[in-house]
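Read off the chains here:
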Amino acid sequence: MDNHQTDVAVVGGGMVGAAVALGLAREGFQVTLVEQQPPGAFDASQPPDVRISAISSASVGFLRSLDIWRRVQAMRSHPYTRLETWEWQQAHVVFDASELQLPELGYMVENNVLQLALWQALEAHPRVRCLCPATLRAMTRGPDHRHQLQFADGQTLDAQLVIGADGAHSRIRQWAGIGIHAWDYNQSCMLISVQCDSSPGEATWQEFSPRGPRAFLPLFDNWASLAWYDAPARIRQLQSMPMAQLQREIAQTFPARLGKVTPVACGGFPLVRRHALRYVQDGIALVGDAAHTIHPLAGQGVNLGYRDAEALIDVLATARGYGERWYSAPVLKRYQHRRQPDNFLMQSGMDLFYAGFSNSLTPVKVLRNLGLMAAQRAGVLKRQALRYALGL
Ligand SMILES: Cc1cc2nc3c(=O)[nH]c(=O)nc-3n(C[C@H](O)[C@H](O)[C@H](O)COP(=O)(O)OP(=O)(O)OC[C@H]3O[C@@H](n4cnc5c(N)ncnc54)[C@H](O)[C@@H]3O)c2cc1C
């Protein structure tokens, strides 16, 4: 039976875990990345990954600091410069990159492309070891206070710090005995890859309806992604349709400005809000979806994960620089203090939108559309809201 030692074990090599692992290795930590399945290979002739993320300009800055962004751009990404949202036509809110003197608000990136770009850098890094595919069986705490990960093939890994980046159903969170607050939105989201008749441009838009938003995300060439939020039963029904029937449903449901699109692939995602009661304890830290999941209507999930990643890397590197026990609870709590209130605020903001726009009572409808009209005219406040959403 093999026993390995590492400074940091990052469990989960998704978009967030892979970034944390790379950032810590660049700061001089010995990192072992544990992932159950590797990202799929990239093929430029293939249609886009169904899972798309709107990456804010702050996240692009973080990925640049890891020297990852050029790898993403060498594969595929698409800038968006304008964001429009409305329910009634006369109550449009428009955010434009020029309002903040930015070249773009962010980029649409396929999840697989982003993960792969990070993995390419991880695999070339001398301080990173990737255990993949790996099947974890348990996590225990040894007499030296280190955590030990036990694998199905009998191997073990001892780590000063275990970072749970293993997504919404995190085993690390469960094994550490960290509870969550959670509720089901009773809504699902279907992402649909479509081909447009012409270039999709650089504007992303979202129309609110009481059943849920309908959103358009422009991609490379003539590709785009549609996000259709609706009751879980309706999304299941849409998912089981042949593409020709789905195309008719899209034409009936999405606003006319979409034009003619041809759906090629789709995937459904149930929506649940979760927030870990704490992000850290001695030798353990949670990041990304392992710590929090959020309604995706404003595309914030992975962007919050990158704010976590940046904060955790900074706290650990600074503490080690001062000779502190960087894996101890008092140090890790600095990370929790920096991130938990911000994640809570963003979750609550999204919930307010979700609750406000899921109601079909006329007075509520009038109020929320008045709110949108006011937002459009709010000048400085509107720019502040945009800055916050972009993480600037
Ligand atoms: C419909 C939808 C649309 C979204 N759109 C956006 C958007 O536009 N912008 C945005 O910022 N966010 C968006 N999000 C949210 C975003 O997808 C998530 O926040 C993001 O994927 C979280 O990344 P993560 O790395 O924390 O977790 P995950 O992506 O879940 O990755 C977890 C990783 O851990 C691995 N893993 C799990 N268990 C184990 C185990 N036991 N052992 C080893 N490995 C394990 C998994 O294989 C996976 O690779 C959206 C979400 C949904 C559902």
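For the structure, see preceding data.
Just so you know, these numbers come straight off a predicted model, no measurement behind them. (Residues numbered from 1 in each chain as written. Predicted model: local features only at pLDDT ≥ 70, side-chain atom pairs only at ≥ 80, totals over all residues.)

Draft legend 1. Highlighting the overall build of the protein chain. Helix and strand content of the protein chain: 11 helices and 19 strands. For 392 residues, the compact-globule estimate of 2.2 N^0.38 gives 21 Å, and the C-alpha radius of gyration of the protein chain, at 22 Å, lies within 12% of that figure. Overall size of the protein chain, expressed as C-alpha extent along the three principal axes, is 65 × 45 × 40 Å. Within the protein chain, the fraction of its 392 residues that count as buried is 44%. Residue pairs in contact within the protein chain that sit at least 24 positions apart in sequence constitute 74% of those at least 6 positions apart. (Helix = DSSP H or I, 4+ residues; strand = E, 2+ residues; numbered from the N terminus. Rg over C-alpha atoms; globule rule 2.2 N^0.38 Å. Buried ≥ 20, exposed ≤ 12 C-beta atoms within 10 Å, placed from the backbone. Contact = placed C-beta atoms within 7 Å.)

Draft legend 2. Quick peek at the environment of Pro 213. Assignment of secondary structure puts Pro 213 in the loop between strand E13 (203–207) and strand E14 (214–218). Here the alpha-carbon distance between Pro 213 and Ala 227, two residues 14 residues apart in the chain, equals 7.8 Å. Once residues within four sequence positions are removed from consideration, Pro 213 is found in contact with Gln 206, Glu 207, Phe 208, Tyr 229 and Leu 297.

Draft legend 3. Spatial organisation of the sheet that holds strand E7 (residues 106–110). Read from one edge to the other, the open sheet built from three strands follows the order E3-E7-E4, with strand pairing classed as antiparallel. Two strands bound the open sheet, and with one partner strand each, they are strand E3 (52–56) and strand E4 (78–80). Along the sheet, successive strands turn relative to each other by an average axial angle of 30°, direction set aside. As defined by bridge partners, E3 adjoins E7 across five bridges and the pair is classed as antiparallel. The residue bridging Ser 53 from the neighbouring strand is Val 109, located in E7. Contacts from helix H2 (residues 57–65) reach E3 and E7 within the one sheet, and its direction differs from that of E3 by about 85°. (Pairing = 2+ DSSP bridges. Axes fitted to C-alpha atoms, helices over the stretch in contact; angles between N-to-C directions.)

Draft legend 4. Representation of helix H8 (residues 301–321) in the model. Taking 1.5 Å as the rise per residue, H8 with 21 residues should run 30 Å; its terminal C-alpha atoms sit 30 Å apart, in good agreement. One or two positions beyond H8, positive phi appears at Gly 323, with a value near 75°. (Expected span 1.5 Å × (residues − 1).)

Draft legend 5. Highlighting the site of the ligand. Taken together, 31 residues lie near the ligand, and Gly 14, Gly 167, Gly 288, Gly 299 and Gly 301 sit nearest. If you list the elements that add at least two residues to the shell around the ligand, you get helix H1 (15–26), E3, strand E12 (180–196) and H8. A total of four residues in the shell around the ligand trace back to one element, the largest contributor, which is H8. For the shell around the ligand, a count of residues per class yields 13 nonpolar, 14 polar and four charged. (Near = placed C-beta within 6 Å. Nonpolar A, V, L, I, M, F, W, Y, C, P; charged D, E, K, R; others polar.)

Draft legend 6. Fine view of H1. Between its first and last C-alpha, H1 extends 17 Å over 12 residues, near the 16 Å set by a 1.5 Å rise per residue. Within H1, burial applies to Met 15, Val 16, Gly 17, Ala 18, Ala 19, Val 20, Ala 21, Leu 22, Gly 23, Leu 24 and Ala 25. Contacts made by the buried residues of H1 are with strand E1 (3–11), strand E2 (31–34), helix H4 (111–124), strand E8 (128–131), strand E11 (156–164) and H8. Count one or two residues on from H1 and you reach Gly 28, which has phi positive near 100°.

Draft legend 7. Highlighting the sheet that holds strand E15 (residues 223–230). Reading across from one edge, E6-E5-E13-E14-E15-E12-E16-E19 is the order of the eight strands in this open sheet, with mixed pairing throughout. Here the strands that pair on one side only, and so sit at the sheet edges, are strand E6 (93–96) and strand E19 (292–293). As paired elements, E13 and E14 share three bridges and run antiparallel to each other. Looking at the pairing, Glu 207 lines up with Arg 214 of E14. Packing of helix H7 (residues 243–253) onto the sheet brings it into contact with E14, E15 and strand E16 (261–276), and relative to E16 it is tilted by some 70°.

Draft legend 8. Quick peek at the pairing of E15. Within E15, eight of the eight residues are buried, leaving the element largely enclosed by the surrounding structure. Of the two faces of E15, the one lined by Trp 223, Ser 225, Ala 227 and Tyr 229 and the one lined by Ala 224, Leu 226, Trp 228 and Asp 230 are each fully buried. With eight bridges joining them, E12 and E15 adopt antiparallel strand pairing. Bridging across to E15, Ser 193 finds its partner in Ser 225. In this sheet, E15 lies alongside E14 in antiparallel orientation, the contact comprising five bridges. Among the inter-strand pairings, Phe 216 is bridged to a residue of E15, identified as Leu 226.

Draft legend 9. Inspection of the packing of H1 against H4 at higher detail. Across the interface, H1 lies against H4 with an axial gap of 9 Å and an inter-helix angle of 25°. Considering the angle they form, H1 stands roughly parallel to H4. Handedness of the crossing formed by H1 with H4: left-handed. Of the residues in H4, those in contact with Met 15, Ala 18, Ala 19, Ala 21 and Leu 22 of H1 are Asn 111, Leu 114, Gln 115, Leu 118, Trp 119, Ala 121 and Leu 122. (Parallel < 35°, antiparallel > 145°, perpendicular 65-115°, else oblique. Left-handed = near helix turned anticlockwise from the far one by under 90°.)

Draft legend 10. Expanded view of unusual backbone geometry. Of note, the bond from Cys 132 into Pro 133 is cis; its omega dihedral lies within 30 degrees of zero at 0°. Despite not being glycine, Gln 101 has its phi angle at roughly 50°, a positive value. One can find Gln 101 in the loop between E6 and E7. Positive phi, close to 45°, is recorded for Asp 221, a residue that is not glycine. Secondary-structure assignment places Asp 221 in the loop between E14 and E15.

Draft legend 11. Expanded view of the environment of Gly 28. Looking at the element boundaries, Gly 28 is found in the loop between H1 and E2. The sequence separation of Gly 28 and Tyr 279 amounts to 251 residues, and the corresponding C-alpha distance is 23 Å.

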